[in-house]
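# Coordinates in review
The chain contents come next:
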Amino acid sequence: MQTNNFKLIFLLLYVVYSGHVFASQVSINSAKEPKIITLFDLEPKKIVSTNAMPKEIPTKDIVQKEIPKQTSMTKQEIKPSFTKTEPKQSVSDTKNETIGFVFASNNTGKYGLEASNVAMTYFLNKNAKFNIEFFDIELENKQNITTIFDTLKQKGIKKVIALVTNSSLWALNSYPEISKFELYLPLVNKSMMPNAKSNFVFGGIDYKKQLNFLALKASSNVVEIYDDSAISIRLHNELVALNTPNLTHVQITGKIPDYKILIASSEQIKNSSVILNTSIVKSAIVLSHLRENNIVPREILSSQLNYSPVIFNITGDEDRTNLFVVNSIGTLPRDLEELISFFGNDALFSWVNYSVVLGLEYFATGKTKLFGNTSIKGNQVDYGIKKIGFNGSRFVDL
């Protein structure tokens with residue numbers, strides 16, 4: 001008991017000290033440049049986050065806008081303490097090399113903010129002499145991407161984590177000197193840019209591979225349930241491209257979704273293998289409607305889209321009886337997982353954050369086998385796939 005009290009006192013002193021050290025080592029550039037947050041020679045003592053509202057990732061083109069001229073900083077809220085059970089592993093000497101982290105907060109919203117926090121936590125964990133600079137260009141467009149890569153070139157930053165969406169790949173690829181950089185794209189799968197230059201490494205999850213896995217696991221005729229959102233349409237197109245035999249579709253449409261289509265399609269859905277290509281909230285509503293109307297599929301399968309602990313809060317146990325999802329997120333070292341969680345972020349269920357950590361590990365170590373369980377093959381992170389079931393309020397590997 002006494003030992004635990006000493007640990008708690010030490011941790012509180014550590015957090016207070018971290019705030020003083022961090023304040024002395026964070027600098028923000030002048031208002032005429034993109035937002036830049038620079039952390040010099042990080043030790044495991046500081047963490048920070050930008051103070052912006054999260055938004056969903058849009059897929060439509062964004063109207064061009066000038067790069068923002070000011071920024072504000074707030075400390076990350078400190079969460080309850082964690083226990084460290086494994087020794088830290090230092091990365092190789094990189095001679096104080098700087099890694100650039102580029103994101104557009106208006107496009108990537110909460111993903112960009114969380115991912116930047118996770119990136120800083122990675123460096124805190126690694127005991128390495130690194131510089132890392134964060135560049136928030138706010139909006140993805142050719143002008144902002146050109147300007148930021150001009151800035152990176154002037155600063156001599158060659159390794160760049162670019163948290164950009166599919167719609168900006170053309171702007172990135174058209175930068176005249178893009179071949180001089182080493183790029184890691186956490187959000188993009190190589191299938192979106194099959195003829196990419198050799199200096200592009202992709203970390204985006206492979207939904208097509210997951211859907212193929214689900215279709216092959218299906219035990220009867222397949223019925224897809226999807227809606228008219230961008231991500232749902234994308235998954236629908238990926239599934240159709242697989243040419244799955246005996247595949248039929250039920251689409252839920254409208255600003256106020258009409259779930260009565262499920263009742264109208266009840267005979268089609270009963271005793272089938274349903275592939276659910278809807279977001280987690282709509283999936284919960286679909287599951288509830290199926291149960292209330294006694295429409296019982298043989299099984300309900302879903303991609304990474306519904307692999308989230310949120311599902312336990314918005315569905316009942318009976319809704320998840322024959323529900324299965326897939327997961328491509330691998331494991332991280334225990335101390336790194338705990339530190340990320342300690343600062344209020346997540347790399348266990350957020351594949352975006354997990355992908356960012358993989359990119360940082362790749363740049364930091366120069367290795368293509370990452371954390372012993374995930375590899376980069378052909379310039380793409382090669383994610384595994386596990387089928388996940390439900391047991392009460394927890395996920396179960398099958």
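Residues numbered from 1 in each chain as written. Predicted model: local features only at pLDDT ≥ 70, side-chain atom pairs only at ≥ 80, totals over all residues. Heavy atoms only, no water.

Attention now moves to the pairing of strand S14 (residues 323–327). With 4 of its 5 residues buried, S14 lies for the most part within the structure. The pairing of strand S13 (residues 299–302) with S14 spans 3 bridges and is parallel. By the bridge assignment, leucine 301 is partnered in S14 with phenylalanine 324. Note that S14 and strand S18 (residues 386–391) share 3 bridges and pair antiparallel. Bridged to valine 325 within S18 is isoleucine 388. (Buried < 20%, exposed > 50% of the residue type's maximum accessible area, 1.4 Å probe, protein only. Helix = DSSP H or I, 4+ residues; strand = E, 2+ residues; numbered from the N terminus. Pairing = 2+ DSSP bridges.)

With that settled, the discussion passes to the nonpolar core. Counting 74 residues, the largest nonpolar core has Phe149, Val160, Leu172 and Leu185 as the members making the most contacts within it. At 10 residues, helix H13 (residues 351–365) tops the list of elements feeding residues into this core. Here leucine 185 is in contact with Ala162, Val164, Leu169, Leu172, Phe200, Val201, Phe202, Gly203 and Gly204, once residues within four sequence places are set aside. In this structure, Val250, Ile280, Leu287 and Ile300 belong to the second largest nonpolar core, which totals 23 residues. (Core = buried A, V, L, I, M, F, W, Y, C linked by side-chain atoms within 4.5 Å. Contact = heavy atoms within 4.5 Å.)

Turning our attention to the environment of glycine 392. In this structure, glycine 392 sits in the loop between S18 and strand S19 (394–397). You can call glycine 392 partly exposed: its relative accessible area is 35%. Glycine 392 sits 71 residues away from threonine 321 along the chain, and the two C-alpha atoms are 9.3 Å apart. Apart from the residues lying within four places of it in its own chain, the contact partners of glycine 392 are Phe312, Asp317 and Arg320.

For the rest of this paragraph, the subject is helix H4 (residues 142–155). With 14 residues, H4 extends 20 Å between its outermost C-alpha atoms, agreeing within 8% with the 20 Å of an ideal straight helix rising 1.5 Å per residue. Three or more residues of H4 are buried, namely Asn144, Ile145, Ile148, Phe149, Thr151 and Leu152. Taken down its axis, H4 places every buried residue within 150 degrees of arc, on the same side. Among the residues of H4, the N-terminal cap falls to asparagine 141, whose side-chain oxygen and the backbone nitrogen of glutamine 143 are separated by 3.3 Å. Just downstream of H4 lies glycine 156, where phi reads positive at about 75 degrees. (Expected span 1.5 Å × (residues − 1). Arc of directions from axis to C-beta. Polar contact = N/O pair within 3.5 Å; in protein donor to acceptor, adjacent residues only side chain to side chain.)

The next subject is the side chain of glutamine 210. Within the secondary structure, glutamine 210 is located in helix H6 (residues 207–217). Polar contacts involving the side chain of glutamine 210 include one to the main-chain amide nitrogen of glutamine 304, which spans 2.9 Å. Setting aside residues up to four positions removed in sequence, glutamine 210 forms contacts with Ile205, Ser303, Gln304, Val326, Asn327, Ser328 and Ile385.

Attention shifts here to the sheet that holds strand S10 (residues 222–227). Strands sit in the order S11-S10-S12-S13-S14-S18-S19 across an open sheet of 7 strands; the sheet is mixed. Since the sheet does not close on itself, it has two edges, and those belong to strand S11 (247–252) and S19, each with one partner. In this sheet, neighbouring strand axes are inclined to one another by 30 degrees on average, regardless of whether the strands run parallel or antiparallel. Across the sheet, helix H7 (residues 230–241) touches S10, S11 and strand S12 (273–277), and the angle it forms with S10 is around 155 degrees. (Axes fitted to C-alpha atoms, helices over the stretch in contact; angles between N-to-C directions.)

So, about the environment of serine 198. Along the chain, the position of serine 198 falls in the loop between strand S8 (182–185) and strand S9 (200–202). In this structure, the C-alpha to C-alpha distance between serine 198 and serine 179, residues 19 residues apart in sequence, is 8.3 Å.

Next up on the list: the environment of threonine 151. Tracing the chain through its elements places threonine 151 in helix H4. Taking relative accessible area as the criterion, threonine 151 reaches 10% and is therefore assigned buried. Considering only alpha carbons, one finds threonine 151 and phenylalanine 135, 16 residues apart in sequence, at a separation of 9.8 Å.

The next subject is the packing of aromatic side chains. Inspection of the entire model under this criterion finds 16 aromatic pairs. With a centroid separation of 5.3 Å and 45 degrees between ring planes, the pair formed by phenylalanine 101 and phenylalanine 134 is classed as tilted. Taken together, the positions of phenylalanine 101 in strand S5 (residues 98–103) and phenylalanine 134 in strand S6 (residues 131–136) put the pair 33 residues apart, joining distant regions of the chain. This pair shows no difference in class: phenylalanine 101 is buried, exactly as phenylalanine 134 is. With 4.9 Å between their ring centres and 65 degrees between their planes, phenylalanine 312 and phenylalanine 395 make a pair best called edge-to-face. In this pair, phenylalanine 312 is assigned in helix H11 (residues 310–314) and phenylalanine 395 in strand S19, connecting sequence segments 83 residues apart. Looking at phenylalanine 312, the relative accessible area reads 17%, which means it is buried. Taken together, the ring pairs connect Tyr307, Phe312, Phe349, Phe390 and Phe395 into an aromatic cluster. Over the face of the ring belonging to tyrosine 111 we find lysine 110, whose NZ or CZ atom lies 5.5 Å from the ring centre. (Phe/Tyr/Trp six-rings, centres within 6.5 Å; stacked < 30°, edge-to-face > 60°. Lys NZ or Arg CZ within 6 Å of the ring centre and 35° of its normal.)

Scanning the model with the defined rule gives 14 salt bridges in all. A salt bridge links lysine 209 to aspartate 382; the shortest N-O distance between them is 3.2 Å. Note that lysine 209 is positioned in helix H6 and aspartate 382 in strand S17 (residues 380–382), a separation of 173 residues in sequence. Here aspartate 382 falls in the partly exposed class, since its relative accessible area comes to 31%. (Salt bridge = Lys/Arg side-chain N within 4 Å of Asp/Glu carboxyl O.)

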